[in-house]
Amino acid sequence: MLLPPSDWLPQAPLEHLHLDWLTAAGIEVAILRLDQIDALISGNKWFKLIEHLKAADRAGAEGIISLGGAHSNHLHALAAAGQRLGFKTVGLLRGHAQETPTVQDLQAFGMQLHWLGYGGYRARNKPGFWEPWHAQYPQLYAVPEGGGGLTGALGCSAIQQQAQARLPTLGWSDYHAWWLACGTGTTLAGLVLAEAGAHPVYGALAVPDDHGVAPQVESILHAAGHGNGSYELQDASRGGFARVDPALLAFIKQTEQATGIPLEPLYTGKALLALKQQVEAGRFTTGTRLIFIHTGGLQGRRGFIASP
Ligand SMILES: *Cc1c(COP(=O)(O)O)cnc(C)c1O
């Protein structure tokens with residue numbers, strides 16, 4: 001499999017975020033633009049793939065096979081990486097064939113698609129699921145849905161290193177904490193590992209509390225042999241994953257007008273709105289410096305905003 005030289009990594013800009021509610025509270029926020037790391041590859045899903053790609057390379061694979069839905073940011077990042085770096089990709093999709101903007105991109109990037117239906121997709125964690133796919137594509141390496149687990153988290157440590165390296169461009173010598181959207185918590189776990197307790201990581205959950213994110217984060221930290229990470233999770237889901245309300249959409253629009261930074265409603269919009277609520281509730285003292293991670297996901301909002 002073709003992999004870039006080890007020093008090749010798409011680089012994320014780190015910028016001051018100028019918003020009235022931050023100025024009013026005397027809080028400084030820098031936004032790490034993972035949505036702008038590369039012309040093709042975007043978002044935290046690329047970082048979650050890094051160590052999986054290295055493992056595939058070590059296994060002598062010619063490419064990657066993975067799974068996701070018709071708006072999947074994970075499959076999008078994988079297909080873009082395959083196109084950009086020149087390896088083969090196969091996507092197993094949930095449901096029945098449909099033409100979303102994401103699916104059109106996957107095809108344009110050269111990913112080969114198979115639609116599993118809903119029942120077929122539900123079987124993805126059953127024993128034997130991968131057997132026929134390994135038989136059909138023996139030269140490909142399988143990556144689990146979303147690129148999660150410890151392997152995914154380890155790639156996300158690079159996010160912390162990139163931000164560290166760019167602090168001087170802000171005129172900052174240090175920061176107090178991280179703030180980011182969480183789905184599975186893999187990205188957060190990677191930051192917690194990279195920080196090793198140096199700075200706390202606040203996770204704004206895009207899924208309701210009961211979705212098992214905390215145990216997932218703990219199991220990654222445990223697998224890494226790391227017991228005492230400093231992090232905190234809170235519900236930012238506004239009633240459910242993919243639930244969108246007028247106040248959220250108005251907030252995203254205002255923020256985009258004030259900063260020129262695009263957000264999507266499922267992760268980054270909810271995470272920044274949750275931060276606003278916490279800042280206004282006096283959660284952080286004046287002078288606090290936070291790094292907010294723009295985890296990307298903008299490709300997925302095309303289909304989302306177009307459909308009711
Ligand atoms: C997948 C995703 C997340 C959540 O990442 P996890 O590692 O699963 O917590 C956050 N933001 C965006 C835009 C995503 O696509």
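Residues numbered from 1 in each chain as written. Predicted model: local features only at pLDDT ≥ 70, side-chain atom pairs only at ≥ 80, totals over all residues. Heavy atoms only, no water.

Undergrad: Looking at this structure, how should I read the packing of aromatic side chains?
TA: Note on aromatic pairs: each is described by the distance of the centres and the angle between the planes. For the structure shown, the criterion picks out 7 aromatic pairs. A centroid spacing of 5.3 Å and a plane angle of 90° characterise the contact between phenylalanine 129 and tryptophan 130, whose relative ring orientation is edge-to-face. Centroid distance tyrosine 175 to tryptophan 178: 5.5 Å. Interplanar angle 75°. Geometry classified as edge-to-face. Classification of tryptophan 178 by relative accessible area gives buried; the value is 0%. (Phe/Tyr/Trp six-rings, centres within 6.5 Å; stacked < 30°, edge-to-face > 60°. Buried < 20%, exposed > 50% of the residue type's maximum accessible area, 1.4 Å probe, protein only.)

Undergrad: Mind showing me how you'd approach the domain arrangement of the chain here?
TA: For interface size, the figure often reported is the accessible area lost on association. You can read the domains of the chain as domain 1 (14-40 + 149-301) and domain 2 (45-147). Measuring from the centre of the C-alpha atoms in domain 1 to the corresponding centre in domain 2 gives 26 Å. Domain 1 puts 19 residues into the contact, and the matching count from domain 2 is 16 residues. Overall, the association of domain 1 and domain 2 removes approximately 1,400 Å² of surface from exposure, summing both partners, and the carbon and sulfur fraction of that is 62%. Summed over the shared surface of domain 1 and domain 2, the number is 1 salt bridge. Between arginine 84 and aspartate 38 there is a salt bridge whose closest N-O contact spans 2.7 Å. Inspection of the domain 1/domain 2 interface yields 5 residue pairs in polar contact (both at pLDDT 80 or more). Put simply, the parts of the chain that give the side of domain 1 that touches domain 2 at least two residues each are helix H7 (149-170), helix H8 (186-195) and helix H12 (298-306). Across the side of domain 1 that touches domain 2, the residue classes break down as 8 nonpolar, 10 polar and 1 charged. (Domains from an automatic or database assignment. Contact = heavy atoms within 4.5 Å. Buried area = accessible area lost by both parts, 1.4 Å probe. Salt bridge = Lys/Arg side-chain N within 4 Å of Asp/Glu carboxyl O. Polar contact = N/O pair within 3.5 Å; in protein donor to acceptor, adjacent residues only side chain to side chain. Helix = DSSP H or I, 4+ residues; strand = E, 2+ residues; numbered from the N terminus. Nonpolar A, V, L, I, M, F, W, Y, C, P; charged D, E, K, R; others polar.)

Undergrad: Hey, could you run me through helix H3 (residues 73-85) in this one?
TA: The α-helix winds at 3.6 residues per turn, so residues separated by three or four positions along the chain end up facing the same way. End to end, H3 covers 18 Å across 13 residues, agreeing with the expected 18 Å (1.5 Å per residue, within 8%). Of all 13 residues in H3, 11 are buried, a share of seventy percent or more. For H3, the full list of buried residues reads Asn73, His74, Leu75, His76, Ala77, Leu78, Ala79, Ala80, Ala81, Gly82 and Leu85. N-cap assignment for H3: the residue whose side-chain oxygen lies 3.2 Å from the backbone N of histidine 74 is serine 72. Positive backbone phi, at 80°, marks glycine 86, one or two positions downstream of H3. (Expected span 1.5 Å × (residues − 1).)

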